[in-house]
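Observations on chain architecture
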Amino acid sequence: MERVRVAVIGYGFLGKWHVEKVQKCSTADAPSELVAIVEVSAEMRDRLKVQFPRIKIVAEVKDIIDEVDACIIVTPTSYHYPVAKEVLQKGKHVFCEKPMTTTYEEAQELTKLAQQKGVVFHVGHSERFHLVWEQIKKGPYSQALRGPAWVRIDRAAPFKGRATDVDVVRDLMIHDLDLLLYLFDEWPVTVEAIGYKIRTKSYDFVSSTVTFASGKKCFLTAGRNHVEEVRKFDIQGPHGHLQVDMHNCRLKFFGASHSVSDVLDYQKRDHLLEEHRSFYQAILGHTPPTVSAVDGARAVYLVDQVLKAVETGQVVSLAKL
Ligand SMILES: NC(=O)c1ccc[n+]([C@@H]2O[C@H](COP(=O)([O-])OP(=O)(O)OC[C@H]3O[C@@H](n4cnc5c(N)ncnc54)[C@H](O)[C@@H]3O)[C@@H](O)[C@H]2O)c1
């Protein structure tokens with residue numbers, strides 16, 4: 001295969017950006033070709049037929065599945081599982097937006113199916129693609145990630161009325177649950193959490209505490225009815241204080257032996273484009289995807305446990321995955 005033939009499934013808020021990235025990658029080092037867009041809205045399909053006259057615009061996956069190598073699933077979360085299952089059963093590669101599924105059991109089933117079929121399953125945990133995490137993991141600040149620490153991650157935004165089919169843990173906090181696993185390379189032992197329903201029928205604000213055996217205690221908040229946009233990561237421990245403002249792409253570090261702080265403005269990357277490259281390279285180079293189905297399933301498991309902690313008001317002990 002020289003070029004990955006792709007269908008984008010779901011052309012809503014994010015789907016249009018995925019379509020753009022497929023087209024952008026067609027001239028890059030990870031070649032792809034946009035073959036089809038699958039969209040259930042007839043009105044949107046009519047618009048797309050005018051906008052993309054050379055692309056197949058269809059209502060159902062079965063109408064194009066034999067003509068593609070891979071599908072990018074950007075439907076609302078509740079459809080990820082049935083759509084991904086249909087695509088995998090046909091032996092096609094999948095890029096699925098986060099959260100991978102609404103339950104851990106569904107995520108496990110898809111992980112097994114992808115393994116059985118020998119295809120790539122990439123999950124859209126785009127926040128991993130901030131350049132700063134690579135700089136921290138590989139550089140001198142990596143010491144801050146080791147051993148005991150106090151960690152705080154805040155991710156909040158004013159109400160936008162999007163993704164209200166899921167709660168704020170599935171929509172926003174999942175990014176940070178995945179980041180904890182990625183950065184610390186350690187599996188947590190307990191979670192506790194509180195949450196409030198403010199604008200929708202599901203939780204719009206959740207604050208959780210995730211504890212690790214190494215002595216890390218992580219305080220995460222996710223809110224979608226906030227007065228301002230916040231995306232901040234703080235880690236304070238024996239090595240000093242590391243702070244990342246993900247919204248403004250700025251890292252600050254005040255080390256144990258420093259008398260002044262380091263300030264580093266890092267380059268904002270096109271995360272979605274990086275994810276597409278990773279996906280096509282995994283397919284063409286037969287390398288593991290940057291965010292695998294196993295990673296996606298683990299994040300979904302943690303989401304389920306945070307919600308269980310909110311519902312029960314109890315500290316929840318985590319299974320060893
Ligand atoms: N990685 C990120 O940072 C990030 C950001 C935004 C959204 N997302 C995820 O992307 C997904 C989509 O979010 P959105 O905001 O674009 O939603 P959206 O509601 O704006 O768009 C979804 C589109 O899918 C279509 N659709 C629904 N069911 C379908 C089906 N079975 N087949 C084909 N099309 C179907 C809808 O008609 C709609 O056009 C969600 O899972 C969300 O969590 C991820």
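Preceding block: the structure.
Residues numbered from 1 in each chain as written. Predicted model: local features only at pLDDT ≥ 70, side-chain atom pairs only at ≥ 80, totals over all residues. Heavy atoms only, no water.

Some remarks on the sheet that holds strand 5 (residues 93-97)
Sheet strands line up and pair through hydrogen bonds in the backbone, either parallel or antiparallel. One open sheet accounts for six strands, arranged 3-2-1-4-5-6; its pairing is parallel. Strands at the two margins of the open sheet, each flanked by one partner only, are strand 3 (56-58) and strand 6 (121-124). Direction aside, neighbouring strands of the sheet carry axes that sit 20 degrees apart on average. Of the strand pairs in this sheet, strand 4 (residues 70-73) and strand 5 are connected by four bridges, and their pairing is parallel. By the bridge assignment, Ala70 is partnered in strand 5 with His93. (Pairing = 2+ DSSP bridges. Helix = DSSP H or I, 4+ residues; strand = E, 2+ residues; numbered from the N terminus. Axes fitted to C-alpha atoms, helices over the stretch in contact; angles between N-to-C directions.)

So, unusual backbone geometry
Note: most peptide bonds trans; most residues except glycine with negative phi. Between Lys98 and the following residue, Pro99, the backbone shows a cis peptide bond with an omega angle of -15 degrees. Inspection of the secondary structure puts Pro99 in the loop between strand 5 and helix 4 (104-117). In the Ramachandran plot, Asp185 falls in the positive-phi region, its phi being about 55 degrees despite a non-glycine side chain. Examined against the element boundaries, Asp185 turns out to sit in the loop between helix 6 (168-184) and strand 8 (190-196). The phi torsion at Cys249 lies on the positive side, around 55 degrees, for a residue other than glycine. Take Cys249: it is sitting in the loop between strand 12 (240-245) and strand 13 (250-255). We classify Cys249 as buried; its relative accessible area is 7%. (Buried < 20%, exposed > 50% of the residue type's maximum accessible area, 1.4 Å probe, protein only.)

What about the side chain of Thr75?
Tracing the sequence through the fold places Thr75 in the loop between strand 4 and helix 3 (80-89). Residue Thr75 is classed as buried on the basis of its relative accessible area, which comes to 14%. Look past the residues within four positions of Thr75 in its chain and what remains in contact with it is Ile9, Gly10 and His80. (Contact = heavy atoms within 4.5 Å.)

Some details on the pairing of strand 10 (residues 216-223)
A regular strand places its side chains so that they alternate between the two faces of the sheet. Pairing geometry for strand 7 (residues 149-156) and strand 10, over eight bridges, is parallel. Among the inter-strand pairings, Ala149 is bridged to a residue of strand 10, identified as Lys216. Bridging between strand 9 (residues 205-211) and strand 10 involves seven bridges; their strand directions are antiparallel. Bridging across to strand 10, Thr211 finds its partner in Lys217. Counting the residues between successive antiparallel strands, the hairpin from strand 9 to strand 10 contains four residues, one of them, Gly215, with a positive phi of roughly 100 degrees.

Brief notes about the side chain of Lys21
By the secondary structure assignment, Lys21 is in helix 1 (residues 15-25). Residues within four places of Lys21 in sequence aside, it is in contact with Asp270, Leu272, Leu273 and His276.

Some points on the sheet that holds strand 15 (residues 316-317)
The sheet built from nine strands is open, its strands ordered 14-13-12-11-7-10-9-8-15 with mixed pairing. The sheet is open, and its two edges are formed by strand 14 (262-265) and strand 15, each paired on a single side. Of the strand pairs in this sheet, strand 7 and strand 11 (residues 230-237) are connected by seven bridges, and their pairing is antiparallel. Residue pairing for strand 11: Val151 is matched across the bridge by Ile235.

With respect to the pattern of salt bridges
Summed over all chains, the structure comprises 21 salt bridges. Note that Lys21 is salt-bridged to Asp270, the shortest N-O span being 2.8 Å. Of the two residues, Lys21 sits in helix 1 while Asp270 sits in the loop between strand 14 and helix 7 (271-285), which places them 249 residues apart along the sequence. Take Asp270: its relative accessible area is 28%, and that puts it in the partly exposed class. The closest approach of N and O atoms between Arg155 and Glu127, which form a salt bridge, is 3.2 Å. One end of the pair, Arg155, is in strand 7; the other, Glu127, is in the loop between strand 6 and helix 5 (131-138), and 28 residues separate them in sequence. Per residue, the accessibility class of Arg155 equals that of Glu127, and both read buried. Salt bridges here are not isolated pairs; linked through shared partners, they connect Glu127, Arg155, Asp176 and Arg231. (Salt bridge = Lys/Arg side-chain N within 4 Å of Asp/Glu carboxyl O.)

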